[in-house]
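Residue-level structure breakdown
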Amino acid sequence: MSSRLIIFDFDGTLADTFPSFVRVFDRAADKHGFKRLDRERQGALRGLDARQIMAHHEIPLWKVPAIARFMRVSMADDIANIKLFAGIDQALRDLHAQGVVLAVVTSNSPGNVRAVLGPELLALFTHVECGASLFGKAAKVRKVLAATGIAPQHAMLIGDEIRDAKAAADAGVDFGAVAWGFNHVDALIARHPRHVFRQVAELAGEAPRLRQR
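This is a predicted model, so every value here is computed, not measured.

1. Examining the overall build of the protein chain
Secondary structure summary: the protein chain contains 10 helices and 8 strands in total. Taken over the C-alpha trace, the protein chain has a radius of gyration of 16 Å; the compact-globule value for 213 residues is 17 Å, and the two agree within 12%. Seen through its principal axes, the protein chain has C-alpha atoms that stretch 55 × 35 × 30 Å. Taken over 213 residues, the protein chain has a buried fraction of 52%. Contacts spanning at least 24 positions in sequence make up 65% of the contacts within the protein chain whose residues lie at least 6 apart. Carbon and sulfur atoms provide 53% of the accessible area of the protein chain, an area that totals close to 9700 Å². Side-chain charges of the protein chain comprise 28 positive and 23 negative groups, with the mean position of each set lying 4 Å from the other.

What follows is the structure, given as structure tokens:
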């Protein structure tokens, strides 16, 4: 039986970073001259993809790398307030015990990921690819596939954003959508995920499905 691979997004999938993101977003807006997060339309924003959110907040594409760097550094200052979603630790242990190869692909920094996961959970991951550009996750996914030698049809990217669904499609892997992250689950369902995880506890049940493909 060949190995099976699950690649996790970090922000909004493993870790509840949204409260910190809101604080850091507003600081970035003040520094880089774009609109603060539109709290009055926060619900509607959950149905938009990254480019639409950028357009709404008047963020030019050329500023994105500098903004991303600023937000990663600023988030590190708030790291004590960032926790994993309840049950994520056990779900990761269960998947690892079932022989699933685990990886992380994220736009966040290595330091932030290490601090939130901690050494015990971090050791469960074969690969941790950090610093992905806003639209560069597919390249990171392909890098993980090459490093593990696992075929795309035996891999799944699990995430909470429309851009995760696009990255999975571009890399030729299945997409698993979580219902507890940034994008509304209905917006993710419209991207035709292989599976929708409505509760964290459901993650550990993905291993048998991976084996059946």
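Now that the structure has been shown, we can carry on.
2. What about the side chain of D160?
Turning to its location among the elements, D160 is positioned in the loop between β6 (155–159) and α8 (162–171). Notably, D160 is buried but unbridged: the nearest opposite-charge side chain belongs to K137, and the N-O separation is 6.0 Å. Looking at D160, its side chain comes within polar contact range of the main-chain nitrogen of F182, at 2.7 Å. Apart from the residues within four sequence positions on either side, D160 is in contact with D9, D11, G12, T13, V178, G181, F182, N183 and L188.

3. Examining the packing of aromatic side chains
Under the criterion given, the structure shown has 5 aromatic pairs. Relative to F25, the ring of F21 lies with its centre 5.5 Å away and its plane at 50 degrees, an arrangement referred to as tilted. Here F21 pairs with F25, and both are found in helix α1 (residues 18–32), just 4 residues apart, close to one helical turn. Taken together, the aromatic side chains of F18, F21, F25, F34 and F182 make up a single cluster linked through ring pairs.

The rules behind the values
Residues numbered from 1 in each chain as written. Predicted model: local features only at pLDDT ≥ 70, side-chain atom pairs only at ≥ 80, totals over all residues. Heavy atoms only, no water. Helix = DSSP H or I, 4+ residues; strand = E, 2+ residues; numbered from the N terminus. Rg over C-alpha atoms; globule rule 2.2 N^0.38 Å. Buried < 20%, exposed > 50% of the residue type's maximum accessible area, 1.4 Å probe, protein only. Contact = heavy atoms within 4.5 Å. Areas by Shrake-Rupley, 256 points an atom, 1.4 Å probe, with all protein chains shown as cover. Lys, Arg positive; Asp, Glu negative; His and termini not counted. Charge placed at Lys NZ, Arg CZ, Asp CG, Glu CD. Salt bridge = Lys/Arg side-chain N within 4 Å of Asp/Glu carboxyl O. Polar contact = N/O pair within 3.5 Å; in protein donor to acceptor, adjacent residues only side chain to side chain. Phe/Tyr/Trp six-rings, centres within 6.5 Å; stacked < 30°, edge-to-face > 60°.

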